[in-house]
Amino acid sequence: MINTVAITNSKLNQYRLRVRYRKDGRLAHLGHLEVINTINRSVRRSQLPFAVGNGFARRMRLQFSQALPVGAASLGEYFDLFLTEEMDPKAALERLAASSPTLLAPMAAGYVPYGLPALEAWLTRSTWSVNVIDETSVEALSQGIDAVRARGSLTYLRGEKEKHVDLGRTLVSCEVRPSGNGFLLDCRSTEEGSLRPAILIGAAAREEGLAMPALSVCRVAQWHEDEDGSLVEPM
Amino acid sequence: MRLAREDLFRLIEPLLPLVEKPSRYLDHEWGAVEEQPGPFHACLVYPDAYEVGQPNLGISILYDALNGADGISCERCYLPWHDMADLMRERHVPLLALESAAPLASFDLVGFTLAHELVATNIVETLDLAGIPVRAADRAEDDAIVIAGGPSVWNAEPLAPMFDAILLGDGEDAIVEIAACVRDARAAGASRENILLALSRIQGVYVPSLYDVVVDSTSTRWGYAVPRPGTSAPEVVLKRCVADFASTPACAEHIVPYMGIVQDRLAIEVLRGCARGCRFCQAGMTYRPVRERPMDQVVEASERGLAETGYDELSLTSLSTTDHSQCAPMLNELDERLSGRGIRVSIPSQRLDSFGVDMANAASGSKRGGLTFAPEAGTQRLRDVINKNVTEEDLERAARNAFEHGWRRVKLYFMMGLPTETDDDIMAIPAATHRVLEIGREVVGRGKKSKVQVSASVAVFVPKAYTPFQWAGQLEVGEVERRARLLLGANTDRDVKISYHDPRTSLVEGALSKMGRAGFDLVLAAWRRGCRFDAWTSEFNYDAWEAAAEELGYDLPSIASEGFLLDARLPWDHTSPGVSKGFLQREWRRAAQGVTTPDCTRDSCVGCGVCPALGVDNVVWGERA
Ligand code: SF4
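Each chain has its residues counted from 1, following the order in which its sequence is written. Chains and ligands are labelled by the order in which they are written, letters from A for the one and numbers from 1 for the other. At least 70 in pLDDT is required for a residue's local features to be given in this predicted model, at least 80 for side-chain atom pairs to be given and counted, and no such filter applies to totals for whole chains, interfaces and linings, which use all residues. The side-chain numbers reported here are obtained from all heavy atoms of the structure, hydrogens and water having been left aside.

Helix and strand content of chain B: 21 helices and 19 strands. A radius of gyration in this sense is built from C-alpha atoms; the matching globule rule multiplies 2.2 Å by the number of residues raised to 0.38. The C-alpha radius of gyration of chain B comes to 24 Å, within 12% of the 25 Å expected for a compact globule of 625 residues. If one aligns the C-alpha atoms of chain B with their principal axes, the spans along those axes are about 70 × 65 × 50 Å. Burial classes: relative accessible area under 20% of the type maximum marks a residue as buried, over 50% as exposed, and values in between as partly exposed (1.4 Å probe, protein chains only). Among the 625 residues that make up chain B, the fraction classed as buried is 60%. Look at the contacts in chain B between residues 6 or more apart in sequence, and 77% of them connect residues 24 or more apart. Only the protein chains shown count as cover for residues, and the accessible areas themselves come from Shrake-Rupley with a 1.4 Å probe. Split by element, the accessible area of chain B, about 22800 Å² in all, is 50% carbon and sulfur. Put simply, DSSP marks the helices as runs of H or I at least four residues long and the strands as runs of E at least two long, and each gets a number from the N terminus on. Contacts are assigned to residue pairs that have any heavy atoms within 4.5 Å of one another.

Let us look at the overall build of chain A. Per the secondary structure count, chain A includes six helices and 11 strands. Its C-alpha atoms give chain A a radius of gyration of 19 Å, within 12% of the compact-globule value 18 Å for 235 residues. For chain A, buried positions account for 52% of its 235 residues. Here the analysis covers contacts within chain A between residues at least 6 apart in sequence; of these, 73% occur between residues at least 24 apart. Residues scored as positive are Lys and Arg, those scored as negative are Asp and Glu, and His as well as the terminal groups of each chain are ignored. All charge positions are set by atom: Lys at NZ, Arg at CZ, Asp at CG, Glu at CD. Between the mean site of the 27 positive side-chain charges and the mean site of the 27 negative ones, chain A shows a separation of 9 Å.

Next up on the list: a negative patch on the surface. Two joining distances apply to patches: 9 Å for like charges and 5 Å for nonpolar side chains (Val, Leu, Ile, Met, Phe, Trp, Tyr), and every residue must have over 30% relative accessible area and no salt bridge. Salt bridge, as applied in this entry: a Lys or Arg side-chain nitrogen positioned within 4 Å of an Asp or Glu carboxyl oxygen. Judged by side-chain charge, Glu476, Asp543, Glu546, Glu550 and Asp555 of chain B come together as a negatively charged surface patch. Tracing the sequence through the fold places glutamate 546 of chain B in helix α18 (residues 542-551).

All names here are of chain B. For the structure shown, the criterion picks out 59 salt bridges over all chains. A salt bridge links arginine 276 to aspartate 323; the nearest nitrogen and oxygen atoms lie 2.8 Å apart. Of the two residues, arginine 276 sits in the loop between β11 (271-272) and α8 (282-286) while aspartate 323 sits in the loop between β13 (313-317) and α10 (327-338), which places them 47 residues apart along the sequence. Given a relative accessible area of 24%, arginine 276 falls into the partly exposed group. A residue is classified by how much of its surface remains accessible, and aspartate 323, at 2% relative accessible area, is buried. Its salt-bridge partner being arginine 383, residue glutamate 392 comes within 3.1 Å of it at the nearest N-O pair.

At the junction of glycine 38 of chain B and proline 39 of chain B, the peptide bond is cis and its omega measures out at 5° in the coordinates. Along the chain, proline 39 of chain B turns up in the loop between α1 (9-12) and β1 (40-46). Geometrically, the link from arginine 288 of chain B to proline 289 of chain B is a cis peptide bond, its omega value of -5° lying close to zero. For glutamine 47 of chain A, which is not glycine, the phi torsion reads 60° and is therefore positive. Within the secondary structure, glutamine 47 of chain A sits in the loop between α1 (32-46) and β2 (62-64). Positive phi outside glycine occurs at histidine 28 of chain B, with the angle close to 60°. Here histidine 28 of chain B is to be found in the loop between α1 and β1. When its relative accessible area of 29% is taken as the criterion, histidine 28 of chain B is described as partly exposed.

Residue and element names in this part refer to chain B. If DSSP finds at least two bridges between two strands, the strands pair. Spatially, the six strands line up as an open sheet ordered β2-β1-β3-β4-β5-β6, and their pairing is mixed. Looking at the sheet topology across the chains shown, the edges are occupied by β2 (72-78) and β6 (205-206). Bridge count for strand β3 (residues 109-113) against strand β4 (residues 145-149) is five bridges, and the pairing is parallel. Within β4, the position partnered with phenylalanine 112 by the bridge is alanine 148.

Another aspect to go through is the interface of chain A and chain B. Accessible area lost on assembly of the parts is the figure often given for the size of an interface. With 19 residues of chain A at the contact, the number on the chain B side is 27 residues. Taken together, the two surfaces of chain A and chain B that pack against each other cover about 2100 Å², and 56% of this comes from carbon and sulfur. Connecting chain A to chain B are one salt bridge. When the shortest N-O distance is used, the salt bridge between arginine 41 of chain A and aspartate 264 of chain B registers 3.3 Å. Within 3.5 Å is the distance limit for a polar contact, defined as a pair of N or O atoms, with the added protein rule that one can donate a hydrogen and the other accept it, and that residues adjacent in sequence qualify only through two side-chain atoms. At the junction of chain A with chain B, the criterion picks out five residue pairs in polar contact (both at pLDDT 80 or more). Considering each element in turn, the side of chain A that touches chain B owes the most residues, five residues, to α1 of chain A. The buried area of a pairing is the accessible area, by a 1.4 Å probe, that goes missing from both parts when the two are put together, added over both.

This part takes up the confidence of the model for chain A. Per-residue confidence for chain A gives a mean pLDDT of 90; residues scoring 70 or more make up 94%. Residue-level confidence of the predictor, termed pLDDT, takes values from 0 up to 100. Ranking the helices and strands of chain A by mean pLDDT puts helix α2 (residues 89-98) of chain A first, with 97, and strand β6 (residues 153-158) of chain A last, with 87.

Below, the discussion takes up helix α6 (residues 197-207) of chain A. Residues of α6 of chain A that are buried: Pro197, Leu200, Ile201, Gly202, Ala203, Ala204 and Ala205 of chain A. A positive backbone phi angle near 70° is found at glycine 209 of chain A, which sits one or two residues after α6 of chain A.

Below, the structure written as structure tokens:
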């Protein structure tokens, strides 16, 4: 459900507008910083009454969900924009849409309580669709994933650094898509880190003696996971 | 062969996950002109990586002008980085323009920006990747007409064999005339040869193939160019110059890139030209006369541009922004209108006096990064030689003012190898740097917490065409290194940093600044040995340049260090920015005597010849401070 009424922080008189947007087509190749810069400018162009921080640099008050890997598309990215005036979220969405590149278009906007934790930390669950777009056998990869999961954890290199992910904690489920051309992953980010789908597929390919397949990765949705394990919609 | 105009993004897309910084190749930025109906198609190429080329204001101005013209569309193209270029070659993907993703070799008109000498091999690389014959002479009837323009056209000869035509001077009007000329000539079924003849009749357009190079006893070893008989090409091509600068669009930048680029902000050109007359400065001689944009226009365009683009930084650019006669009220007005929006205003370089610091102060609000000054030379004697009309007191007062206003880091730019330079001049550089540090400590205090730091960056002087120093030879590398050792050895304080530029990069720049048309063989040989992105410290390969020179029987150091006789015919005499040779010779003599020449926007005309030659005047809206 989308909130149309803002809950303001009475001290600052600011309103927290949450916006869902997509990252699509060729813009999937943008890096996280590039997306942040672009949205920053889209907001400025929209002339919404955005709040500016008190810091030295007087930056716009804007928060983002967890970085998407370069090359990954998304149907459910979020940012929280702090406004100094309460305005109709529909009107705000329209103005944002008119000032954003179409492949980064905002799709929904609504107010959320001012005091919620930062978006990045709050959105802990995500669903990914991973399509194999070359000849690599999805079945073989599926076996590879099972073998990797059976070991419980995964080690990989990020630059020079060795990284570990606990698959028991970070990979909630992994299914072959009904079409048979890829996977649907349900992932959880923890304080120790999160699992990038391409890392899992890469490890599965190695397990099976295959080369890294060409993938098309899309984050389909994100949620907050409550203490009791239930999923909360971001809006 | 002209390739078909078709969208080939599908060939680039699979390569994107394989390269660093895929956003270089994405297009679809905010403000890009995606509709490209033509029917005449032009493409502007900045022959370097996207992040270097995209902020170029010249390209933005021409992109705007061409896309605004009836029946003409214009796109952009940058040179792919090595990783992408290698993949494209491997998979036979030709170089594409950004907006339509059509092959560069499918365009009617391709225009290169010549930003500096070190883009030479990048142009070869661009043409080669595009599949356009590198030499103009090898192009087929229907191949694109390849032109060039920009700040570095004043010795165009070493690059001339690649271009069908070269535009000298201001491009906003001329580029549309050029495109229309090619379009109309094509429509009339004109041959390539006749198209080039027609282009040579447009003022400011130089068509290299209509000139022969003659080497004789009146010239340097590089010869001079004379029009071919029967072509009616002018003996001297005079640059284009926009007389009424205020009539040009004040805000030319509309495209907002995704990736962090070199100058990630909105640039508004507040004036064109500089008449201070520094004798080493090519821009100062070739962009004359001075034309200010009126303050109201600047303020209005800044507000509009910021709203349109969403940038949070505004740069008021020009060769000498603080010389604008309305600089102070302009900054005040901008400050008033933009306050509370988290927008930063910057001016690119500070004039070396107290006024310059006041303006930097007005521009920067509460933000205090480093402040930059360019005394250029360490002693008053040498500053008089180069006509840098600032005194010891100017520097000291500016420094004091800066520290009092809260700056803690000051950067000083100097040059090494200037004509008449002695070891005393060199030793005066660290001395001046230490003096500035001392002033900072006086003002702020001596403790560690005061954080006062002064750095000096010392570039090697490269003599350039159409400056009073065009006859000078460049200082040899061995001697640069000896003087650099003197310089570094004289640094006695931890809070002073002195650095100098790689003299070998300057050597290649110097050789290309001196050579005539024969220099193109050197460029080609260097490219064949893998040279490209020569302006990137990480990519510059001197050994390859040296080997290329050797292969052709050239010696780079002796080319760069050769002085020319004052009355010799020079390789660039036929492409003129309007400054008379007599004026330059007079300035060269005055330099030798250490006599300075005033600024014609503050004093009377000093007779450089530009205004009468081009029928233009300085345009200054108020009294210059
Ligand atoms: S001709 Fe005179 S007024 Fe015009 S730019 Fe030259 S020196 Fe200045």
